[in-house]
Amino acid sequence: MNTTASALDRDAGSGPIAVPRDEPDPKRWIALGIIAVAQLMVVLDASVVTIALPKAQSALHISTANRQWVITAYTLAFGGLLLLGGRIADYAGRKRTFIAGLVGFAAASALGGVAPTAGLLFAARALQGAFGALLAPAALSLITVTFTEGKERARAFGVYGGIAGGGAAIGLILGGVLTEYASWRWCLLINVPIALATAAAAVPVVRESKAEGTASYDIPGAITVTAGLVSLVYGFTKAAEDGWSSGVTLAFLGLAAVLLVAFVVIELRSHAPLLPMRVPLERNRGGSYLASLLIGAGLFAMFLFLTYYFQQTLHYSALKTGFAFLPFSAGIIVSAGIASQIMPRTGNKFPMVLGSFMATIGLLGLTQIGLHTGYASHVLIPEVVLSLGMGLVFVPLSSTALVGVDPQDAGVASALVNTTQQVGGSLGTALLNTVFATAVTNYLISHGTSPASKIQSQIHGYVTAFIWGACMIGAAFVTLVVLVRGGHDNVPAMAVDGSDPTTTSEPVTTSEPVTEAEPAAAAPTTADPATEPATSTSSDPAAEPVTSTSSEPSAVADTASATPSAEAAPEPVKAESGEAVAPVTAAAPVTETAPAAAAEPVAETHSASGPAAAPATETAPATETASVAEAEPVIEAAPADAASPDAETETTTDAPKAQSGR
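Residues numbered from 1 in each chain as written. Predicted model: local features only at pLDDT ≥ 70, side-chain atom pairs only at ≥ 80, totals over all residues. Heavy atoms only, no water.

Draft legend 1. Quick peek at the overall build of the protein. A tally of helices and strands in the protein yields 20 helices and ten strands. Per-residue burial over the protein gives 52% buried out of 662 residues. Taking contacts inside the protein between residues at least 6 apart in sequence as the whole, the part at least 24 apart equals 83%. Per element, the accessible surface of the protein, about 27000 Å² overall, is 64% carbon and sulfur. (Helix = DSSP H or I, 4+ residues; strand = E, 2+ residues; numbered from the N terminus. Buried < 20%, exposed > 50% of the residue type's maximum accessible area, 1.4 Å probe, protein only. Contact = heavy atoms within 4.5 Å. Areas by Shrake-Rupley, 256 points an atom, 1.4 Å probe, with all protein chains shown as cover.)

Draft legend 2. Here's a closer look at the environment of Met358. The residue Met358 is located in helix α15 (residues 349-365) in this model. Note: C-alpha distance between Met358 and Leu388 (30 residues apart in sequence) is 7.5 Å. The contact partners of Met358, leaving out residues within four places of it in the chain, are Val385, Leu388, Gly389 and Leu392.

Draft legend 3. Broad picture of empty space enclosed by the protein. Enumeration over the complete set of coordinates arrives at six cavities of 30 Å³ or more. Lining the largest cavity we find Val49, Ala52, Leu53, Ala56, Val70, Leu121, Arg125, Trp184, Cys187 and Leu188. Of all the secondary structure elements, the ones that give two or more residues to the lining of the largest cavity are α2 (28-60), α5 (118-146) and α7 (186-189). Ranked by the residues each element gives to the lining of the largest cavity, the list is headed by α2, at four residues. (1 Å grid on protein atoms, 1.4 Å probe; cavity = no way out; pocket = protein on both sides within 12 Å on 5 of 7 lines; lining within 4 Å. Points joined across faces, edges and corners; volume = space filled by probe spheres on them.)

Draft legend 4. Molecular detail of the confidence of the model for the protein. Averaged over all residues, the pLDDT of the protein is 74; the fraction at 70 or higher stands at 68%. By mean pLDDT, strand β6 (residues 605-607) is the weakest element of the protein at 38, and α15 is the strongest at 95. This stretch, residues 1-21, has a pLDDT under 50; its non-local contacts, to residues over four places away or in other chains, come to 72 contacts. The low-confidence segment residues 493-662 (pLDDT under 50) makes 269 contacts with residues lying over four places distant or belonging to another chain. (pLDDT = per-residue confidence, 0-100.)

Draft legend 5. Structural detail: the layout of surface pockets. Taken as a whole, the second largest pocket holds about 650 Å³ of empty space. Forming the boundary of the second largest pocket are 22 residues, of which Phe263, Leu275, Leu293, Leu416 and Thr420 lie nearest the centre. Breaking the lining of the second largest pocket down by element, the ones donating at least two residues are α3 (69-92), α9 (219-242), α10 (247-269), α11 (278-281), α12 (283-313) and α18 (410-447). It is α18 that contributes the most residues to the lining of the second largest pocket, five residues altogether. For the lining of the second largest pocket, the class distribution of residues is 17 nonpolar, five polar and no charged. (Nonpolar A, V, L, I, M, F, W, Y, C, P; charged D, E, K, R; others polar.)

Following this line, the structure appears as structure tokens:
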């Protein structure tokens with residue numbers, strides 16, 4: 001199995017995968033184009049619909065309290081089912097899941113585009129989110145298994161990341177064009193031909209792949225967490241209509257608490273949990289997930305309320321609104337590049353803390369908007385500061401989520417960043433929309449219902465929502481300062497050199513720890529030439545045979561790629577206990593202690609500088625990990641109190657050497 005591909009594919013939230021070792025797919029770049037179109041469609045959807053929301057609300061007579069469901073119905077279904085979708089893709093087949101997700105997404109988009117009522121639109125958006133939760137992880141997994149060569153995979157993921165970063169900006173413009181010159185309904189209907197054409201193109205081009213093993217789906221966990229989040233959002237919605245003390249509001253909030261607690265209990269007891277609790281309970285990862293949740297909550301709401309401010313207060317067209325958001329997308333792209341450059345020198349914590357502080361200041365700057373303020377004077381600068389801060393946060397936040405994670409949990413750990421952002425966006429949009437509605441109602445009660453008061457009440461609602469959003473991002477700032485540890489140790493290898501932080505080039509498996517001794521403990525006897533240590537210089541450390549004998553009957557399993565030297569002894573060394581010792585895989589300095597009763601001298605050792613006749617113990621081959629370019633010397637020494645003519649110290653350096661045994 002290709003271990004690097006396995007870890008990257010688990011970003012979709014899956015278990016172990018099977019990566020074929022055959023030749024690269026000749027159609028892989030065409031497949032990448034197909035996958036990229038599908039990913040772009042998913043990314044575009046959120047920003048396109050946000051721009052169209054004011055027109056959709058007016059056309060379908062959606063109340064202020066309920067308008068947030070157009071966004072939250074999608075994000076709740078997407079975030080709540082994303083981990084399950086990744087597992088389904090792995091075990092049911094990634095190509096099959098990818099195509100099913102595209103067809104389902106097209107059907108849901110068509111339903112939303114022709115929806116005559118608000119309720120049907122909300123249902124269609126939830127279906128879009130559910131099929132998106134199948135589509136997105138399947139697309140990511142397909143890239144992983146299609147591109148197995150390192151440089152090609154880096155290019156493929158660069159395309160994937162570029163779409164994720166630039167797709168939102170394209171969606172803002174596309175949403176404005178469609179809403180302005182066609183209809184808000186085309187912001188949904190546009191997905192239908194794109195999704196169906198992409199699915200048809202994928203059938204002959206994309207290769208099928210699936211994980212080995214028996215499928216295991218945590219359906220109870222997926223149901224309880226999704227139902228709990230929906231109940232929580234509905235409780236926020238009822239609070240906007242009936243008040244926080246209403247019995248209905250409290251009932252839904254209480255039900256949400258029960259369901260979410262049940263989800264945690266299910267995950268703790270499940271043999272194949274959707275979310276292993278060991279992943280979020282680690283301090284650094286837990287801090288990064290909590291910060292991601294809070295930032296998603298504040299950021300999604302900013303888009304919602306600025307959209308309404310542009311179109312209803314400043315009377316911007318939908319297209320002009322899209323262009324007004326472009327500096328935000330540009331700022332994220334610029335600062336994300338800066339974050340990638342400084343992370344290897346500063347660690348993850350510094351850019352995250354700085355970025356969240358800047359984002360808090362930027363969102364507070366938006367509280368200065370008014371009825372007669374302009375875009376350039378009161379919106380542009382805070383928007384740019386906010387976007388620069390977000391770019392500094394997003395890159396190290398995703399990186400921190402993978403620091404120290406076990407390989408089998410890498411997919412869940414990575415996918416959880418996206419999940420927390422989506423869930424945070426759902427909860428934040430619902431909560432801040434309730435805050436907005438409550439602030440508007442209270443303002444009208446205290447200032448009357450004149451036309452001027454109604455207009456000013458909207459401004460008051462926007463400002464109040466921005467203050468709450470800034471508090472959420474400020475809470476993320478505090479979370480990062482308190483919970484996330486600083487230093488370079490928290491930067492995974494991928495952040496520095498592009499390699500996968502969760503894997504090594506070849507796996508190393510040990511059945512028992514090898515007994516190790518400090519090199520200083522070795523006391524070789526040098527008075528007698530017969531017992532003088534035999535030292536050879538080798539240019540290929542990987543080919544060096546080493547005697548591996550432990551004072552206890554232990555065994556070290558060889559890697560799959562280990563091959564014995566042609567001149568090495570065909571039989572394994574016998575330990576003092578009589579058990580065979582397998583070859584050792586070494587990627588770092590290892591000092592092993594041989595017992596006093598060593599094997600009798602059986603061979604001669606020839607070094608590059610000339611023959612050096614010295615007694616040598618019978619050896620078994622050792623293979624060093626392929627990914628280590630410059631392995632350290634492997635030192636084997638007999639302890640001072642056990643030195644004998646038969647036990648000797650061998651030091652491997654840089655010249656070719658091979659020992660032959662009996």
